[in-house]
2 protein chains.
Amino acid sequence: MSGVSRRRLLGLAGAGAGGLALGVGAAATAAATGLDDVLRPDRGAGDGTAYPFHGPHQAGITTPAQDHLHFAAFDVTTTSRDDLVAMLQAWSVAAERMTRGAPAGEGDPASGAYDAPPDDTGEAMDLPPAGLTITIGFGPGLFQTADGTDRFGLAARRPASLERLPHFPADALDPARSDGDLCVQACADDPQVAVHAVRNLARIAFGTASLRWSQLGFGRTATTSDEQVTPRNLFGFKDGTANITAQQDDALAEHVWVPDADTDASTAWLAGGSYLVARRIAMTIEPWDRTSLREQEAVVGRTKGEGAPLSGGTEHDEPDLAMAGRGGLPLVAENAHVRLAHPSTNGGVRMLRRGYNYTDGITPLGRLDAGLFFLAFVRDPATHYVPMQTRMSAQDGLMEYLQHVGSGLFAVPPGAPEGGWVGQQLFA
Amino acid sequence: MSGVSRRRLLGLAGAGAGGLALGVGAAATAAATGLDDVLRPDRGAGDGTAYPFHGPHQAGITTPAQDHLHFAAFDVTTTSRDDLVAMLQAWSVAAERMTRGAPAGEGDPASGAYDAPPDDTGEAMDLPPAGLTITIGFGPGLFQTADGTDRFGLAARRPASLERLPHFPADALDPARSDGDLCVQACADDPQVAVHAVRNLARIAFGTASLRWSQLGFGRTATTSDEQVTPRNLFGFKDGTANITAQQDDALAEHVWVPDADTDASTAWLAGGSYLVARRIAMTIEPWDRTSLREQEAVVGRTKGEGAPLSGGTEHDEPDLAMAGRGGLPLVAENAHVRLAHPSTNGGVRMLRRGYNYTDGITPLGRLDAGLFFLAFVRDPATHYVPMQTRMSAQDGLMEYLQHVGSGLFAVPPGAPEGGWVGQQLFA
């Protein structure tokens, strides 16, 4: 059982440090070889990395984006508030254990109580923490059902902005990929670790909540660390160049965390939390791949290789949206994605994006079923997402190659203190 | 454009060595820290690893199993043999380039011909080779359609064993996840690299062949290296303990490669190749997770933690299928998976397994849609797969928790020499 012991050892090391326990492998590699610009910064380190579950904010928001995502939405099936609370408490206990590389339950997953089901499903038994984070959110339906029923006595505590996102132009939403009373965002540098986390939370939820939909993602289409190379989406373009990073405290305070000032006595439970917008955005891969490079760059508003704005400079230079080229037309077109997404076009608002690429086999028409699972954390969707998406859905040139097919909005409560559980402020 | 340059640099280094060019990162890490038993052996190394495309056998068979799989099956849509040959030639050229980390086409993916579509889709532009292998196979339909049409003049060259697998007991096959004229197995340590490879081959195939189905997988449920820790399947058990490894030349010759002796003048093109059996095996995760550890171990025939046979010893000890316990019953039950899969129960035949775990969201019933994408390379499916699977489908205790929902059989030709292309022996 050396695998289990190793996981526990690594997990305790991470917890004991009270913060990021970076695997020694990466640091040693960089020091010994000077290859830190060749190896992707967090590869190799990923296995030994452990992030603490407890803290003022939930992990998985400003955490540097891991390589893999398993996102799940749940419907609450119980009518008992006590059962729901007990499940959320059990989720926090299991999540804290799994993020430090321990099994989901206290029992050894493979010894002892032979006549009971194991309290960990076992497939991550030999694997280290792999940078796992588990982030829990609450959908509008948890507070009040569509017909107005106050299911769990929470209706008065629903923030006004926590409501189903409006129908945007060109939305083609599949109800089976949308909404949900609860969400779990599990991110890790090993997909088996992320899948294991969601599976064990679903197992713990049995009888209280059931899976509504889930989504796997890969490839870090966004980054929250200044050091990382900007990842690329499946259009082949860099995605996340101007993202908010973990180091930008002022931007996080202004655009990501819900401030005390946005809450009142009934919604104070969300102070220090955030809102999570989830959108499954299908890309029409084949038409895109037959589009000229000129057209691709024009609708994005950046070069494909470097990711520089079409107004000039390099990737991290600000686009000059006013600069005109031949015939007086702006170099960054009026319908270019980068223009419509730019803070200056959106009253200065920004989002912390954390999306992942996905590929889910093929569509019934024989096309690759692939795209971007867009995830963004914002202070308030009414100001920081809905106006921008309304404009982009109608005007963005990229929309010719996109279709929004899934949608969810969740309030993400603040982190739990040591010994506490995620959501305790809401149910107190 | 430093990303492209770096990829080319790494790629050339790999090709120049004429063999496995292991990224310096892993070796340096192990030497500097002695942590080779903590880090998974091929993590960290994965990014810089490049396997040569050309050689006597195709890569991706005895290659140590990478972390990620994108498998695709294609229907040939052209009626022109010349077009088919041209596509296979183009596939080999692109595959050789991508496996050394270069773009799929000669043009820089992001400069030059602005008015043409890029000849690489770009999403792997900043990524190193990541151990990519591309393995190409031919389905029965390439030789002869179901109604007997000799589509491309190949009917006389079809080996007798290359026919649709029989219907096994309890099979519940979905035609949309089964069969195909061609297959591509792309494996890499970065999922974006594997997805990129299949996407670009599909792009090159446009007008000649179209995607029929595809499957993503993760987690290395099998291993072909003596050094790797045996990975676990989604039942939480080690899977691949007794697998054939790349070092076992005798076993490869006896069980994996098609020998000259198995071919005649019309089928000599397959000598040095293999057969690939692909099966999508859905696991009923939730019932399994509510089964006692005793029952789980009994139907597998091994302990869950260590992976030791229930007859005693440790993981790599041979199971003693005759050893009796209480009441004279065998310690390894008559219906245990390990007994029915054991070579001694199957006339001594073995397979080189190379399967991957998969999780594809949830089923319409709200269950995790997860399981094993079983891949096995064998010398002859008529002797090395069909008899075993017939017995297992009827008798294996695990079948209570399994459903075979997809199936394919492909002949995998030998590797192409430098300057050659995969399949040239068949079309010569």
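If you're wondering where the values come from, they're calculated on a predicted model, not measured in any experiment.

**With respect to the overall build of chain A**
- Within chain A, the regular secondary structure consists of 11 helices and nine strands.
- Taken over 428 residues, chain A has a buried fraction of 62%.
- In chain A, of all internal contacts separated by at least 6 residues, the share reaching a separation of at least 24 is 76%.

**What to know about the UniProt feature "domain: Dyp-type peroxidase C-terminal" (unreviewed entry) in chain A**
- The UniProt record marks residues 230-415 of chain A with the feature "domain: Dyp-type peroxidase C-terminal" (unreviewed entry), using the residue numbering of this structure.
- Secondary structure within residues 230-415 of chain A divides into 21% helix and 22% strand; the distance between the first and last C-alpha atoms comes to 28 Å.

**A word on helix α10 (residues 386-395) of chain B**
- Residues Val386(B), Met388(B), Gln389(B), Met392(B) and Ser393(B) constitute the buried set of α10(B). For α10(B), the buried positions fall inside an angular range of 155° around the axis, keeping them on one side.

**A word on the pattern of salt bridges**
- Evaluation of the coordinates by the stated rule reveals 30 salt bridges over all chains.
- In this structure, the salt-bridge partner of Arg199(B) is Asp289(A), at a minimum N-O distance of 2.7 Å. Here Arg199(B) is found in helix α4 (residues 191-205), whereas its partner Asp289(A) is found in helix α6 (residues 285-289) on a different chain.
- Of the residues examined, Arg199(B) reaches a relative accessible area of 3% and is grouped as buried.
- The class for Asp289(A) is buried, based on a relative accessible area of 7%.
- The partner of Arg353(B) in a salt bridge is Asp239(B), and the shortest N-O contact between them spans 3.4 Å. Of this pair, Arg353(B) sits in strand β6 (residues 352-353) while Asp239(B) sits in the loop between β4 (209-218) and α5 (249-255); the two residues are 114 residues apart in sequence, bridging distant segments of the chain.
- With a relative accessible area of 17%, Asp239(B) lands in the buried category.
- If you follow the salt bridges from partner to partner, you end up with Glu123(A), Arg199(A) and Asp289(B) in one network.

**Concerning the side chain of His196(A)**
- Here His196(A) is to be found in helix α4 (residues 191-205).
- Those residues within four positions of His196(A) in sequence are excluded, and the remaining contacts are Met98(A), Asp120(A), Thr121(A), Gly122(A), Glu123(A) and Ala124(A).

**Notes on the packing of aromatic side chains**
All names here are of chain A.
- Per the stated rule, a full pass over the model turns up 28 aromatic pairs over all chains.
- Consider the rings of Phe 235 and Trp 288, whose centres lie 4.1 Å apart with planes at 35°: the pair is tilted. Linking Phe 235 in the loop between β4 (209-218) and α5 (249-255) with Trp 288 in helix α6, this pair joins segments that are 53 residues apart in sequence.
- Residue classification places Phe 235 among the buried residues on the basis of a relative accessible area of 3%.
- With a centroid separation of 5.1 Å and 85° between ring planes, the pair formed by Trp 288 and Tyr 401 is classed as edge-to-face. With Trp 288 in helix α6 and Tyr 401 in the loop between α10 (386-395) and β9 (402-412), the pair connects residues that are 113 residues apart, well separated along the chain.

**Here's the deal with unusual backbone geometry**
- One non-glycine residue, Asp179(A), lies in positive phi territory at about 65°.
- Topologically, Asp179(A) is positioned in the loop between β2 (133-138) and β3 (182-188).
- If you check the backbone angles, Ala130(B) has positive phi at about 60° while not being a glycine.
- With respect to the helices and strands, the residue Ala130(B) is situated in the loop between α3 (81-99) and β2 (133-138).

**Quick look at the nonpolar core**
- Core analysis: the largest hydrophobic core is formed by 156 residues, its most contacted members being Trp91(A) and Trp91(B).
- Among residues more than four places away in sequence, those in contact with Trp91(B) are Phe74(B), Ile136(B), Leu182(B), Val184(B), Leu201(B), Ile204(B) and Ala205(B).

**Some details on the confidence of the model for chain A**
Residue and element names in this part refer to chain A.
- On average, chain A scores 87 in pLDDT, and the residues at 70 or more come to 86%.
- Segment residues 1-46 is flagged for pLDDT under 50; beyond a separation of four residues in sequence, or across chains, it makes 85 contacts in the model.
- Predicted confidence for residues 221-226 stays below pLDDT 50, and this span has 37 contacts to residues more than four positions away or in other chains.
- This complex was scored by the predictor with a pTM of 0.88 and an ipTM of 0.87.

**Points about the pairing of strand β9 (residues 402-412) of chain B**
All names here are of chain B.
- For β9, the tally of buried residues reaches 10 of 11 residues, placing the bulk of the element in the interior.
- Both strand β5 (residues 274-283) and β9 contribute to a ladder of 10 bridges, which runs antiparallel. Bridge pairing in β9 places Tyr 275 opposite Ala 411.

The rules behind these values
Per chain, residue numbering runs from 1 following the sequence as it is written. Numbering of ligands from 1 and lettering of chains from A proceed in the order in which they are written. Per-residue local features of the predicted model are confined to residues with pLDDT of at least 70, and side-chain atom pairs are confined, for both listing and counting, to 80 or more; whole-chain, interface and lining totals are unaffected and use all residues. Based on all heavy atoms of the structure, the side-chain values leave hydrogens and waters out of the count. Under the scheme used here, helices are H or I runs from DSSP no shorter than 4 residues and strands are E runs no shorter than 2 residues, and both carry numbers assigned from the N terminus. To sort residues, take the accessible area from a 1.4 Å probe on protein chains only and compare it with the maximum for the residue type: under 20% means buried, over 50% means exposed, and anything in between is partly exposed. When checking whether two residues touch, look at their non-hydrogen atoms; a contact exists if any pair is within 4.5 Å. UniProt positions are given in the numbering used here, feature names are shortened, and annotations may be inferred rather than shown by experiment. Taken from the helix axis, the directions to the C-beta atoms give the arc we talk about. Here, a salt bridge means any side-chain nitrogen of Lys or Arg that lies within 4 Å of a carboxyl oxygen of Asp or Glu. Two rings belonging to Phe, Tyr or Trp (six-membered ring only in the last case) form a pair when the distance between their centres is within 6.5 Å. Interplanar angles under 30 degrees mark stacking, angles over 60 mark edge-to-face geometry, and anything in between is tilted. Buried Ala, Val, Leu, Ile, Met, Phe, Trp, Tyr and Cys residues form a nonpolar core when they are joined through side-chain atoms within 4.5 Å. The quantity called pLDDT is the predictor's confidence in a given residue, expressed from 0 to 100. Here a strand pair is declared whenever DSSP counts at least two bridges between the two strands.

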